[in-house]
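# A structural walkthrough
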Amino acid sequence: MFEAAWKAIEKARNILLVSHVNPDCDTLGCSLAIYDILQKTGKNSYLFNATSELPRKLRFLPHFDEIRSFLPAKFDAVVVCDCARFDRTGMDIAAVRNEAEIINIDHHLTNSNFGDINLVISPNASACMVAYEMLKQNGVELTSKAASCLYAGTVDDTGFFAYGAMDASTFANMSELVTLGADPVFISKQLKQSVPLARFRLREYVSKSFDLLRNGMVGLVFIRQEDLKRTGAKREDTEDIINLVRDIVSVEMAVMILEEEDGSFKISLRSKNSLDISKIALKFGGGGHFGSAGFESSMTRAEDIAQMILNEFDKGIKEYGTQKQ
Ligand SMILES: [Mn+2]
């Protein structure tokens, strides 16, 4: 698969590199690293993300300013990074399929294998690690810019090696990326010591307003549009809010219900030990990883969504527990 994926990229002339909507560091790191490498090959490559406002925090990533929110006239290969389902790209799969070969590079447990070529390695620390393995196994030379992208995506997706599917090979790969020029201190500063005041205010609000249910095992956070307005926070500032609640010692499952501008909801789930949260997300049309997953809902009341999730939690380990990998 590593070879097939790279061959498909190599044989294309116009390559579209796609990251998921409301991008994180893993999806951008993966697409930007491959973009950087393709720059040297003389091929036409193009970075696309359907989100109009990209997270400011990730501006430090090389080629960030080259990401566009509109599609080029033609492309014959689409590389989709870190997307469990194709609709995460914000593109229409039927339209794309006629035009181009789809190469799916991902690490989500719930990936639907939507690609013509599916390089889906799960469990795995990050999509960036999957991309790195692909490049390495095909003997591709990495620049320090590409190494920085892959390093950043991996530290971010693993919470700086605190969770996710890591093994010794992850650390060996990270060591190689540092040798190639990734700067761990610089990247840490960009990702961690860069909290806008509004995000800090939002954290303050959440730490006062969250609920603890089920003997402290469930932590629940509601964020409404008015909470964002009041604190001045943007949608991207909600990204790591759920971790505040997950980190409470008694909490086994953390839930964040975020009201979107259009009145629909985005639900984020985290678990700590033996609950496979990706199965709950999948049940409601979403997806993710063992300890980190999410879905979207057009229900009208956030409280009803919370109740629906609590019902699943109550089915508990019997239905959703598996041996953690
Ligand atoms: Mn990821």
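Source: prediction; values computed, not measured.

This next bit is on the sheet that holds strand 1 (residues 14–19). One open sheet holds the 5 strands; their spatial order is 2-1-3-4-5, and the pairing between them is parallel. Looking along the sheet, the strands with just one partner apiece sit at the ends: strand 2 (44–48) and strand 5 (117–120). The average undirected angle you get between the axes of adjacent strands in this sheet is 15°. Relative to strand 2, strand 1 is paired through 5 bridges, and the arrangement is parallel. Considered in strand 2, the bridge of Val18 is made with Phe48. Relative to strand 1, helix 2 (residues 25–39) is tilted by about 160°, and along the sheet it contacts strand 1, strand 2, strand 3 (77–81) and strand 4 (101–106). Against the sheet, helix 4 (residues 127–137) contacts strand 3, strand 4 and strand 5, and its axis sits at roughly 115° relative to strand 4.

As summarised here, the arrangement of the 6 strands in space is 6-7-8-9-11-10, forming an open sheet in which the pairing is mixed. Only two strands of the sheet have a single partner each, and these edge strands are strand 6 (211–213) and strand 10 (287–288). As paired elements, strand 10 and strand 11 (residues 292–297) share 2 bridges and run antiparallel to each other. Bridge assignment links Gly287 to a residue of strand 11, and that residue is Gly294.

Topologically, Ala162 is positioned in the loop between helix 5 (144–157) and helix 6 (168–179). Taking the number of C-beta atoms within 10 Å as the measure of exposure, Ala162 has 10 and is therefore exposed. Each C-alpha atom of the pair Ala162 and Gly232 lies 29 Å from the other, and the pair is 70 residues apart in sequence.

Reading the values: rules and limits
Residues numbered from 1 in each chain as written. Predicted model: local features only at pLDDT ≥ 70, side-chain atom pairs only at ≥ 80, totals over all residues. Pairing = 2+ DSSP bridges. Helix = DSSP H or I, 4+ residues; strand = E, 2+ residues; numbered from the N terminus. Axes fitted to C-alpha atoms, helices over the stretch in contact; angles between N-to-C directions. Contact = placed C-beta atoms within 7 Å. Buried ≥ 20, exposed ≤ 12 C-beta atoms within 10 Å, placed from the backbone.

Any link to function would need more than the numbers given here.
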